[in-house]
There are 2 protein chains.
Amino acid sequence: MALIVQKYGGSSVADAEKIKNVAKRIAQTKDKGNQVVVVVSAMGNTTDELIKLAYQINERPDERELDMLLSTGEIISCTLLAMALEAMGYEAISLSGAQAGIRTDAVYSRARIQSVDPERITRELDKGNIVIVAGFQGITDDMDITTLGRGGSDTTAVALATSLGAEVCQIYTDVEGVFTADPRIVPEAQKLSEIGYEEMLELATYGAKVMHPRAVELGELFNVPILVASSFTDNPGTLIHGGVAMEVRNKVRGIAHDLDVAKITVVGVPDRPGIAASIFEPLAKANISIDTIVQNASINNITDLTFTVAKSQLAKAMDVVKPIAKSIGARECSSDAKLGKVSIIGTGMQNTPGYAARMFGALKEKGINIELITTSEIRITCIIDEAKVKEAVKALHRAFELEG
Amino acid sequence: MALIVQKYGGSSVADAEKIKNVAKRIAQTKDKGNQVVVVVSAMGNTTDELIKLAYQINERPDERELDMLLSTGEIISCTLLAMALEAMGYEAISLSGAQAGIRTDAVYSRARIQSVDPERITRELDKGNIVIVAGFQGITDDMDITTLGRGGSDTTAVALATSLGAEVCQIYTDVEGVFTADPRIVPEAQKLSEIGYEEMLELATYGAKVMHPRAVELGELFNVPILVASSFTDNPGTLIHGGVAMEVRNKVRGIAHDLDVAKITVVGVPDRPGIAASIFEPLAKANISIDTIVQNASINNITDLTFTVAKSQLAKAMDVVKPIAKSIGARECSSDAKLGKVSIIGTGMQNTPGYAARMFGALKEKGINIELITTSEIRITCIIDEAKVKEAVKALHRAFELEG
């Protein structure tokens, strides 16, 4: 008998019929003699509807109130799922984040899990119950309800799997697993049967939407195997774990892409200590996430500083940067909102030369200009014209022979 | 500075605009220098929609799960109301039943409040917050969420007013107050500016829908003045309290009516000890509420036993009673589902003869046949043909000169 944690996303529980289908899948796992803990997201677009309602009433809803409001979405789906299992003759109980012992800090809308007290879950499992836990939420020491922000329900699932010592954390979603590239762009993309945490982390961070990097990171930290699979089919999915062979023959494992890239360049910056801080500290205070930062080699102590942000944050970032650029004596401040990025990822790239050259060559062959380049040990990312991203993904998929 | 508890029902917070209007009313109370605690019901028909969703999934939803599901309705309305107040520049915080310290027993769907720990509410009031509490819900010792059943939000409000030592508990609803009769039936019905707890309790129990008897009872027990008024106007409403003069000149205070009456008669029952118990114990076990019970004087040790139930419970009650009637040797078992009741209520009736005669006379004058009669010290109730109830209410309103 194993303990299995399963997570079902919002599209998997979008209506009464889909909830019943999910209940059947859970029942199959239970029938095999497993103890089952299930984490669910809110039904379909419930969260968006609640947010819309809040904004009708207050243009800047208080984050504590918004979290308490949004937490109802997951309570609704988990009680309905428990009822669906009971209708099939199974014993089930729903638990809110608070009841499930998920304690977080008090940073509303993006709370971090501080600890999980699994006492209640364990007690319910011991009674023979299937335990359904509301994802995406927790409770502070003062009994205030928090939400975990993006990737929250995946994070709930991995955190529970960790604290319960589960055999595996199964993330059921509306895709079949992790692919070598987005199958909507590259029809011949291959599903990976397994992938290492680090590679998955880079894929997720650099654009693969299948799982949020935060949950992958937690899985890696506590070495919890994570299966990503479809909630609509019985196909095997992709297992994310730590035991993947390093020396796989084809050393690029996947192509990630992201269309949400805008660039700001501060031109003609005097190159002296503290200049970068004077630009990036105010951006951080304005809660703007900076992605890539590139500084050119300085000529006559004058340099250009380029960085990227999400497109939705470009206007706000320009408002912050323009007066700073002026005050530090920069020549000008330009921006480009029509960018995307494409990345090749694989642990096999470590200490092996030639990948970058092959990537740049494939892009050059298609006449794609590279605006910026960034790398990690297991990833190379090029920022390019957003209109060229799909073509680049296809070209790279072919160049690294990922079609299988 | 006084502490005031206000309660707003579902129709008062049915949409974003109505929530904003309620926020304005609360703000006025706060502006007068009061501390304000507000209890809200779920928006409009949210509760019905959640119940419908549950029944789509499970024909007999588990009561614990249903309570947890339904509790989200009040969380949604109270967070939105807090946001509306914040949008107007007021400090507000929403609290779930659990956060507000409302502890109940574990009888799901009709839990009873066991205690209120007002620590968190008091702390938030001391910070200057308007405190918005989710009505209709509480939490058990095991942190399970319960709902309080019918009249739940009114009960939450009165319980909070009691435990906080509030000056008054104001129940805002979609009617203007307590009337001498239902104004939809008797256009000249008068709004009562005040009424005693006992009279209100009888009015509520015998059909006046303005407030649930349970909350009135709690108010009487702890002597909390309760104001019932409209949330849509600034008219003064009706104050329910203990200090109403007993010797009011017109001693009938109001006419209550109820169209939900069905009658079962067990005919030809041998009149021996234990017969009543043998009928009513199985009905209680089947969770059927019995209202009026009348037993005729026995002739030759044979009697008729008549009792009334809600119309929706008639079929179930007949299923229970028929085999019992047979086993105890009764002649037959008949029923009538088309009944209603009409009551005259007033503490002034105590020890004063002539009210019954005047009531029966007024009904007789209209040719209305009386099926059953029951009385309390301050009430006389006649069960009559449901088709005659409206006419009876009008006639009694005139006969007791309630038109003012």
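Bear in mind that the values here come from a model prediction, so they are computed numbers and not experimental data.

The rules we used
Numbering of residues starts from 1 in each chain and follows the order in which that chain's sequence is written. The order in which chains are written sets their letters, starting at A; the order in which ligands are written sets their numbers, starting at 1. Only residues with pLDDT of 70 or above have their local features reported here, since the model is predicted, and side-chain atom pairs are shown and tallied only from 80 upward, although totals for entire chains, interfaces and linings are computed over all residues. Strands are runs of DSSP state E lasting at least 2 residues, helices are runs of H or I lasting at least 4, and numbering of each runs from the N terminus. Put simply, the radius of gyration uses C-alpha atoms, and a globule should come to 2.2 Å times the residue count raised to 0.38. The burial criterion counts other C-beta atoms lying within 10 Å of a residue's C-beta, which is placed from the backbone; the residue is buried at 20 or more, exposed at 12 or fewer, and partly exposed between these limits. This entry defines residue contacts through backbone-placed C-beta atoms, with two residues in contact when those atoms are within 7 Å. Gly is put with the polar residues, along with every residue not named as nonpolar or charged; the nonpolar set is Ala, Val, Leu, Ile, Met, Phe, Trp, Tyr, Cys and Pro, and the charged set is Asp, Glu, Lys and Arg. Alignment of the copies relies on least squares applied to C-alpha atoms, considering only residues that score at least 70 for pLDDT in both. Any two strands between which DSSP finds at least two bridges are classified as paired. In this analysis, axes come from line fits to C-alpha atoms, helices being fitted only over the stretch in contact, and the angle between any two N-to-C directions falls in the range 0 to 180 degrees. The nonpolar core criterion groups buried Ala, Val, Leu, Ile, Met, Phe, Trp, Tyr and Cys residues into a set whenever they are joined through C-beta atoms within 7 Å. Note: domain ranges come from an automatic or database domain assignment. By definition, turning the near helix anticlockwise from the far helix through less than a right angle yields a left-handed crossing, and turning it clockwise yields a right-handed one.

### Section: the overall build of chain A
In terms of helices and strands, chain A carries 11 helices and 18 strands. For chain A, whose C-alpha radius of gyration is 23 Å, the value lies close to the compact-globule estimate of 22 Å for 404 residues. A buried classification covers 49% of the 404 residues belonging to chain A. Sequence separation of at least 24 residues holds for 74% of the intrachain contacts in chain A that already meet a minimum separation of 6.

### Topic: the interface of chain A and chain B
Listed per partner, the contact involves 26 residues of chain A and 26 residues of chain B. The set of elements that each furnish at least two residues to the side of chain A that touches chain B consists of helix H1 (16-31), helix H2 (46-57) and helix H3 (63-87) of chain A. It is H3(A) that contributes the most residues to the side of chain A that touches chain B, 13 residues altogether. In the side of chain A that touches chain B, the residues fall into 16 nonpolar, 6 polar and 4 charged.

### Topic: helix H7 (residues 213-222) of chain A
Residues and elements named next belong to chain A. Turning to H7, its buried residues number three or more, namely Arg214, Ala215, Val216, Leu218 and Gly219. Next to the buried residues of H7 lie helix H5 (152-164), strand E9 (168-173), helix H6 (197-205), strand E11 (226-230) and strand E12 (238-241). At the exit of H7 stands Asn223, carrying a positive phi of roughly 55°.

### Quick notes on the relation of the copies chain A and chain B
Once turned by 180° and shifted 0.0 Å along the axis, chain A lies on chain B with an RMSD of 0.0 Å. A rotation of that kind, with that shift, is consistent with a two-fold axis. The rotation axis passes nearest to the C-alpha of Thr72(A) in chain A, at a distance of 2.7 Å. In this assembly, 100% of the residues forming the interface of chain A have copies in chain B that are likewise at the interface, indicating an isologous arrangement.

### Structural notes on the sheet that holds strand E16 (residues 332-345) of chain B
All names here are of chain B. Pairing is antiparallel in the open sheet, where 6 strands are placed in the order E14-E15-E13-E16-E18-E17. With one partner strand each, in any of the chains shown, strand E14 (293-295) and strand E17 (372-376) form the two edges of the open sheet. Going across the sheet, the axis of each strand differs from the next one's by a mean of 30°, ignoring polarity. Pairing analysis gives 3 bridges linking E14 to strand E15 (residues 302-309), with the strands arranged antiparallel. Bridge assignment links Ile293 to a residue of E15, and that residue is Phe307. Packed onto the sheet, helix H10 (residues 355-365) meets E16 and strand E18 (379-385) and runs at close to 20° relative to E18.

### Let's talk about the nonpolar core
With 248 residues, the main nonpolar core has Leu81(A), Ile132(A), Leu81(B) and Ile132(B) as its most contacted residues. When near neighbours in sequence (up to four residues on either side) are disregarded, Ile132(B) contacts Val38(B), Val40(B), Cys78(B), Leu81(B), Ala82(B), Ala92(B), Ile93(B), Ser94(B) and Leu95(B).

### Regarding the domain arrangement of chain A
Taken domain by domain, chain A consists of domain 1 (3-174) and domain 2 (255-399). Taking the mean C-alpha position of each, domain 1 of chain A and domain 2 of chain A sit 37 Å from one another.

### Overview of unusual backbone geometry
Phi at Met143(A) takes a positive value of approximately 70°, unusual for a residue other than glycine. In this fold, Met143(A) is placed in the loop between strand E7 (137-139) and strand E8 (145-147). Even without being a glycine, Asn300(B) presents a positive backbone phi close to 55°. Looking at the secondary structure, you find Asn300(B) in the loop between E14 and E15. Residue classification places Asn300(B) among the exposed residues on the basis of 7 C-beta atoms within 10 Å.

### Points about the packing of H3(A) against helix H2 (residues 46-57) of chain B
At a minimum axis separation of 8 Å, H3(A) and H2(B) run at an interaxial angle of 30°. Handedness of the H3(A)/H2(B) crossing: right-handed. Seen from H3(A), the contacting residues are Leu80(A), Met83(A), Ala84(A) and Ala87(A); seen from H2(B), they are Leu53(B), Ala54(B) and Ile57(B).

### A word on the sheet that holds strand E6 (residues 130-134) of chain A
All names here are of chain A. A sheet is described by the order of its strands in space; here 8 strands give the open sequence E3-E6-E2-E1-E9-E11-E12-E10, paired in mixed fashion. Taken across any chain shown, the strands that pair with only one partner, and hence form the sheet edges, are strand E3 (92-95) and strand E10 (194-196). Neighbour to neighbour, the strand axes of the sheet diverge by 20° on average, direction disregarded.

### Regarding the pairing of E9(A)
Residues and elements named next belong to chain A. Within E9, 5 of the 6 residues are buried, leaving the element largely enclosed by the surrounding structure. Pairing analysis gives 5 bridges linking strand E1 (residues 3-8) to E9, with the strands arranged parallel. Across the sheet, the residue bridging to Ile4 is Val168, located in E9. In this sheet, E11 lies alongside E9 in parallel orientation, the contact comprising 5 bridges. Looking across to E11, one finds that Cys169 is bridged to Ile226.

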